[in-house]
Amino acid sequence: MIKKENILSHGVCLCLSILLVYLLGYEQRFDRIFLTYFSLTFLARLTFFRIFFCIWFVIAAIYFPIGFYYGPPNVAVISAIAETDFDEMTEFCSQLSVYFYFAPLILALIFIILFKRFSFPKTNNFYLLIFVLGLCFYRPIKAVIKHNPNSFNTISTTLLNNLKYPIFEFSLSFYDSAKLYFQEKQEQLKQIEQTNTIPILSINPQKKNYIIIIGESVRKDYMSAYGFKLDNTPFARTQASIIWDGLITPAPNTQSSIPHLISQSIFLDDKKVNAQLNNNIVSIANEAGFETYWLSNQGKLGTIEITVPRIASYAQHSFYTKKGEYNGKSSRGKHDTLLLPELDNILSTENSKPKLIVMHLIGSHSNFCKRLEFNVQFDLNNKNISCYVSSIKETDDLIAQTISILKKYNQDYSVVYFADHGLAHADQHNDLRHNSEYQDSYRVPFIFFDSDKTPQQKINKQVSGFQLVYLLSNWMGIKLDVNHNYMENELSQIPEQQNIKVKGWDNNKLYQFDKLKKDPNPY
């Protein structure tokens with residue numbers, strides 16, 4: 001029994017247990033809370049464990065802003081940590097509310113004082129401990145029995161993977177995600193040494209210039225071309241040759257989505273997929289005899305390159321507005337329009353080869369207001385959303401300027417614009433952020449512009465961003481030896497796809513798109 005004088009101390013331990021689970025980004029569960037609670041009541045009174053728990057609670061406080069938005073450690077979190085420099089970290093922090101500035105510092109201070117001075121309760125009822133541990137270990141033991149592992153390593157791994165003790169979970173997730181992250185990087189480095197391995201059957205480009213414009217963080221229901229109430233895409237709405245409503249991106253973030261959008265995807269099974277980076281649209285165009293260019297306003301993120309710059313390295317010519325940084329001090333005042341003079345230079349050069357030009361925009365990347373080159377053009381009584389809608393207008397203007405430059409040189413062209421991923425609402429619809437739980441994080445614009453004067457087509461078909469490289473190759477007149485609807489049909493004849501799957505935050509696992517939650521646009 002708990003003595004009356006210890007009720008307060010036990011209550012503090014219970015609150016600390018609930019708080020630790022929350023700060024590390026995990027779902028509140030009985031076993032997580034009570035394993036933490038009993039570890040505090042049985043061990044925290046000992047000096048070594050008091051220091052141990054203090055360190056972990058401070059780590060949890062520091063991790064809180066990340067855990068709040070992105071959950072416990074996963075590959076996306078690890079890549080952000082590994083590939084972000086000080087300036088980028090500063091900008092991420094600048095996007096957070098004041099609450100996320102002070103809460104981690106205040107919590108860390110409270111934890112240090114608490115573990116230094118608080119008298120943790122003493123629990124000597126080992127029967128109670130055995131009962132609670134039995135409840136907590138029920139699931140891990142059940143998992144071992146169910147999977148019937150045949151070695152000590154597999155038994156211990158199964159136990160740890162199913163043991164819902166937040167400190168172990170966090171450490172294991174961090175280790176496994178980091179291991180997978182660096183394994184993937186090694187595989188990517190091997191792939192980059194290879195060239196395209198998809199056989200090309202025929203090459204018959206119909207245009208002199210093909211331009212792929214990759215936007216950033218645009219969900220289509222914030223565009224007037226797709227019915228948004230404010231006309232922030234007048235050029236696309238009126239001048240596009242095809243407005244396609246239904247493209248579902250492979251993933252909810254840039255680093256995971258773009259490799260699958262413009263490279264071949266290899267499905268290991270129904271639950272996992274890898275991007276075959278050497279089989280990308282640039283390497284395919286190289287083999288087909290195109291002159292290839294990569295123009296980027298996203299730079300190379302941090303000191304470790306990410307997958308997108310690796311794909312970009314296949315281009316015969318490249319141009320970056322930022323030297324090695326993605327979003328830090330060197331990005332200030334560098335807007336997407338800086339790509340236009342380089343585009344003009346490329347088109348002014350005489351070359352008998354057809355051209356593939358990829359333009360990778362910073363577009364509507366958060367912080368939205370910092371993306372704007374000009375004043376906010378729309379007022380939705382919300383600063384963040386007003387800036388977001390205005391940033392989409394600036395991208396529409398950039399597309400218009402791109403077409404204008406193409407027309408200046410009187411060369412035929414075909415331009416396609418799509419975004420890498422969408423976003424979901426946060427902070428009571430006052431902001432938009434990455435979130436893998438909602439369909440709208442994957443619904444993006446897919447718009448074509450053509451030098452041929454034809455009536456505008458509107459295609460309402462849901463299609464997957466996986467294997468979009470086949471569609472893009474077909475669009476460029478490159479016939480690949482693959483069996484896929486994207487290669488076998490003209491754009492308007494591509495059938496709607498069913499049972500589309502997407503990637504979430506947790507590594508390479510696939511999820512059914514239509515089972516995700518919906519996030520309607522309240523504006």
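Residues numbered from 1 in each chain as written. Predicted model: local features only at pLDDT ≥ 70, side-chain atom pairs only at ≥ 80, totals over all residues. Heavy atoms only, no water.

Draft legend 1. Just the overall build of the protein, in detail. Secondary structure summary: the protein contains 19 helices and 16 strands in total. Within the protein, buried positions represent 55% of all 523 residues. Total accessible area on the protein is roughly 24,000 Å²; 57% of this is exposed by carbon and sulfur atoms. (Helix = DSSP H or I, 4+ residues; strand = E, 2+ residues; numbered from the N terminus. Buried < 20%, exposed > 50% of the residue type's maximum accessible area, 1.4 Å probe, protein only. Areas by Shrake-Rupley, 256 points an atom, 1.4 Å probe, with all protein chains shown as cover.)

Draft legend 2. Seen up close, unusual backbone geometry. The linkage connecting Ser366 with the following residue, Asn367, adopts the cis geometry, with an omega of 0°. Here Asn367 lies in the loop between strand 8 (355–360) and helix 16 (368–371). You will see that Gln428, though not glycine, has its phi angle at about 55°, which is positive. You can see Gln428 is positioned in the loop between strand 10 (424–426) and strand 11 (431–433). You can call Gln428 exposed: its relative accessible area is 70%. Phi is positive for Asn499, which is not a glycine, with a value near 55°. By secondary structure assignment, the location of Asn499 is in the loop between helix 19 (485–488) and strand 15 (501–503).

Draft legend 3. Just the side chain of Thr36, in detail. Here Thr36 lies in helix 2 (residues 30–43). Excluding residues that lie within four positions of it along the chain, Thr36 makes contacts with Ser17, Leu20, Tyr165 and Pro166. (Contact = heavy atoms within 4.5 Å.)

Draft legend 4. Structural context of the sheet that holds strand 3 (residues 242–248). Spatially, 7-6-8-2-9-12-3-13 is the arrangement adopted by the 8 strands of the open sheet, whose pairing is mixed. A single partner strand is all that each edge strand has here, and the edge strands are strand 7 (317–320) and strand 13 (457–464). Taking the axes of each pair of neighbouring strands and ignoring which way they run, one obtains an average angle of 15° across the sheet. In the sheet, strand 2 (residues 209–215) pairs with strand 8 via 6 bridges, with the strands oriented parallel. Note that in strand 8 the partner of Ile214 across the bridge is His360. Along the sheet, helix 12 (residues 254–262) contacts strand 2, strand 6 (291–296), strand 8 and strand 9 (413–419); its crossing angle with strand 9, the most-contacted strand, is approximately 145°. Packing of helix 15 (residues 339–348) onto the sheet brings it into contact with strand 2, strand 6, strand 7 and strand 8, and relative to strand 8 it is tilted by some 175°. (Pairing = 2+ DSSP bridges. Axes fitted to C-alpha atoms, helices over the stretch in contact; angles between N-to-C directions.)

Draft legend 5. Molecular detail of the packing of helix 3 (residues 47–70) against helix 6 (residues 98–117). The contact between helix 3 and helix 6 brings their axes to 9 Å, and the two run at 170°. As the angle between them shows, helix 3 and helix 6 are arranged roughly antiparallel. Counting all contacts with helix 3, which are made through Arg50, Phe53, Cys54, Phe57, Val58, Ala61, Ile62, Phe64, Pro65, Phe68 and Tyr69, the residues of helix 6 involved are Tyr99, Phe100, Ala103, Pro104, Leu107, Ala108, Phe111, Ile112, Leu114, Phe115 and Lys116. Here the contact of helix 3 with helix 6 is composed, by residue class, of 20 nonpolar, no polar and 2 charged. (Parallel < 35°, antiparallel > 145°, perpendicular 65-115°, else oblique. Nonpolar A, V, L, I, M, F, W, Y, C, P; charged D, E, K, R; others polar.)

Draft legend 6. Just the state of the cysteines, in detail. Evaluated as defined, the whole model comprises 1 disulfide. Here Cys369 engages in a disulfide with Cys387; their sulfurs sit 2.0 Å apart. Its S-S torsion of approximately 90° makes the covalent link between Cys369 and Cys387 right-handed. Separated by 18 residues along the polypeptide, Cys369 in helix 16 and Cys387 in helix 17 (residues 383–408) bring together distant segments of the chain. You can call Cys369 partly exposed: its relative accessible area is 23%. The exposure class of Cys387 is buried, given its relative accessible area of 3%. Among the cysteines around Cys13, which has no disulfide bond, Cys15 carries the closest sulfur, lying 9.4 Å off. By relative accessible area, which is 0% here, Cys13 ends up buried. (Disulfide = S-S within 2.5 Å.)

Draft legend 7. Inspection of the nonpolar core at higher detail. Membership of the largest hydrophobic core comes to 93 residues, with the highest contact counts inside it found for Ile212, Ile262, Trp294, Met359, Phe418, Phe446 and Leu472. Here this core takes 10 residues from helix 17, the largest share from any one element. If near-sequence neighbours (up to four positions away) are discounted, Phe418 is found in contact with Ile212, Ile213, Ile214, Gly215, Leu247, Leu261, Ile262, Pro445, Phe446, Leu468 and Leu472. Core analysis: the next-biggest nonpolar cluster, separate from the first, contains 41 residues, Leu23, Leu24, Phe38 and Leu40 among them. (Core = buried A, V, L, I, M, F, W, Y, C linked by side-chain atoms within 4.5 Å.)

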